[in-house]
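# Commentary on secondary and tertiary structure
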Amino acid sequence: MLKIKKNNFKIKFTEINLRQRMYQKQSYVTVNIMTEFYPTIVDDCVIGGAIDIKLDLANIKSLNDLNGIYKGDVGSVTISVNNDGVWEHNICDNYEIEILNRKGKEMKFKLKTDNCSMETVGNIVSLYSTSSTPEELGKNFDLEEFFDKPISKQIGNSVISRYFMR
């Protein structure tokens, strides 16, 4: 269910990717949730778009630690709407995201902003990390539900590894 300014939209998909990194000796996990929705006719205009949610969370050691209610001070919500070919981007400062539960790769959550409400289930795809080894990452985040072998790429002095959900 997705409602923007009292108009209902059908969700195409919701994809969730995580990024773990170290900052001042503390582990942070950024949860990136991307939801796209199908176009529909609203007031003789074709409206479609996407919602991008980023939650920057400290002390998350596993996927099970994500349950909870998060508000505007831990990330951002951007609602991008294509209105008859013209993109409009609205960054919401006042929002609440409630992660309700997770079963395997699926995570159910609710989003509330001043002009938007959404309740849906997203698929967790992967975890990115700049930790240099799987052992180092394993000290900060539980990799049990991810494939053992990551796809790795070196960019400058950093190695970025992407672990996919099983």
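Our subject is the structure listed above.
Values in this document were obtained by computation on a predicted structure and should not be read as measured data. (Residues numbered from 1 in each chain as written. Predicted model: local features only at pLDDT ≥ 70, side-chain atom pairs only at ≥ 80, totals over all residues. Heavy atoms only, no water.)

This part covers the pairing of strand β11 (residues 116-129). Where a strand is regular, its side chains alternate between the two sheet faces. By the bridge criterion, three bridges tie strand β1 (residues 2-4) to β11 in an arrangement that is antiparallel. Note on β11: the bridge partner recorded for Leu-2 is Met-118. In this sheet, β11 lies alongside strand β10 (residues 106-113) in antiparallel orientation, the contact comprising seven bridges. Within β11, the position partnered with Leu-111 by the bridge is Met-118. Between β10 and the antiparallel strand that follows it, β11, lie two residues. (Pairing = 2+ DSSP bridges. Helix = DSSP H or I, 4+ residues; strand = E, 2+ residues; numbered from the N terminus.)

If you look at the biggest cluster of nonpolar residues, it comprises 40 residues, and the most contacted ones within it are Ile-51 and Ile-53. Elements represented by at least two residues in this core include exactly β1, β3 (11-23), β4 (26-42), β5 (45-58), β7 (75-83), β9 (95-103), β10 and β11. Excluding residues that lie within four positions of it along the chain, Ile-53 makes contacts with Val-31, Asn-32, Ile-33, Ser-76, Val-77, Ile-97, Phe-109, Leu-111 and Met-118. (Core = buried A, V, L, I, M, F, W, Y, C linked by side-chain atoms within 4.5 Å. Buried < 20%, exposed > 50% of the residue type's maximum accessible area, 1.4 Å probe, protein only. Contact = heavy atoms within 4.5 Å.)

None of the figures reported here should be taken as evidence of function without further support.
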